[in-house]
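Understanding the architecture of this molecule
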Amino acid sequence: MARFQVRLAMQPGVDRTVVLRAVKEVTAHCAETGEHPRTAFGDPDAHAVQVAARLVPTDRAARARRRDAVGDKLTSVLRRAGDVAGL
């Protein structure tokens, strides 16, 4: 369950509400059926990707991906500037 939560939280556009909703869905299903989460939903990483695609609006996920890309580029530029400056 912890791996699922972490992987889900890493998906673009996923916030606390999405994580809590997904955990509630998995927990409720497993409580009702007695199944283990891995048996019911498969690989936690793959399930996290599927849940994010289902619960996160496409436009919000796209905005998050763009924001992350800009942040990654800025980090890269700052790292290179630090290397040039000898920091």
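Shown above is the structure to which this text applies.
Residues numbered from 1 in each chain as written. Predicted model: local features only at pLDDT ≥ 70, side-chain atom pairs only at ≥ 80, totals over all residues. Heavy atoms only, no water.

Observations regarding the overall build of the protein chain
Counting its secondary structure elements, the protein chain contains 5 helices and 0 strands. Listing every helix and strand of the protein chain by position from the N terminus yields α-α-α-α-α. Burial status across the protein chain gives 25% buried among its 87 residues. Put simply, 62% of the contacts in the protein chain that link residues at least 6 apart link residues at least 24 apart. With an accessible surface of roughly 6200 Å², the protein chain has 57% of that area assigned to carbon and sulfur atoms. (Helix = DSSP H or I, 4+ residues; strand = E, 2+ residues; numbered from the N terminus. Buried < 20%, exposed > 50% of the residue type's maximum accessible area, 1.4 Å probe, protein only. Contact = heavy atoms within 4.5 Å. Areas by Shrake-Rupley, 256 points an atom, 1.4 Å probe, with all protein chains shown as cover.)

Quick word on the environment of Arg3
Mapped onto the elements, Arg3 comes out in helix 1 (residues 2-9). Sequence separation of Arg3 and Ala48 is 45 residues, and the distance between their C-alpha atoms is 9.1 Å. Aside from chain neighbours lying at most four places away, what touches Arg3 is Pro44 and Asp45.

What about the nonpolar core?
The biggest cluster of nonpolar side chains holds 14 residues, and the ones touching the most others in it are Phe4, Leu8, Val14, Ala22 and Val51. Mapped onto this core, the elements with two or more residues apiece are helix 1, helix 2 (16-33) and helix 4 (44-55). Considering each element in turn, this core owes the most residues, 6 residues, to helix 2. Each residue touching Val51, except ones within four places of it in the same chain, is listed here: Phe4, Leu8 and Ala22. (Core = buried A, V, L, I, M, F, W, Y, C linked by side-chain atoms within 4.5 Å.)

A look at the packing of helix 1 against helix 4
Two quantities define a packed helix pair, namely the angle between the axes and the distance from one axis to the other. Two elements in contact, helix 1 and helix 4, have axes whose closest approach is 8 Å; the angle formed by their N-to-C orientations is 45°. Viewed along their axes, helix 1 and helix 4 adopt a mutual orientation that is oblique. Crossing of helix 1 against helix 4: the hand is right-handed. Taken together, the residues of helix 4 that come into contact with helix 1 (itself represented by Arg3, Phe4, Arg7 and Leu8) are Pro44, Asp45, His47, Ala48, Val49, Val51 and Ala52. When its residues are assigned to classes, the contact of helix 1 with helix 4 shows 7 nonpolar, 1 polar and 3 charged. (Axes fitted to C-alpha atoms, helices over the stretch in contact; angles between N-to-C directions. Parallel < 35°, antiparallel > 145°, perpendicular 65-115°, else oblique. Left-handed = near helix turned anticlockwise from the far one by under 90°. Nonpolar A, V, L, I, M, F, W, Y, C, P; charged D, E, K, R; others polar.)

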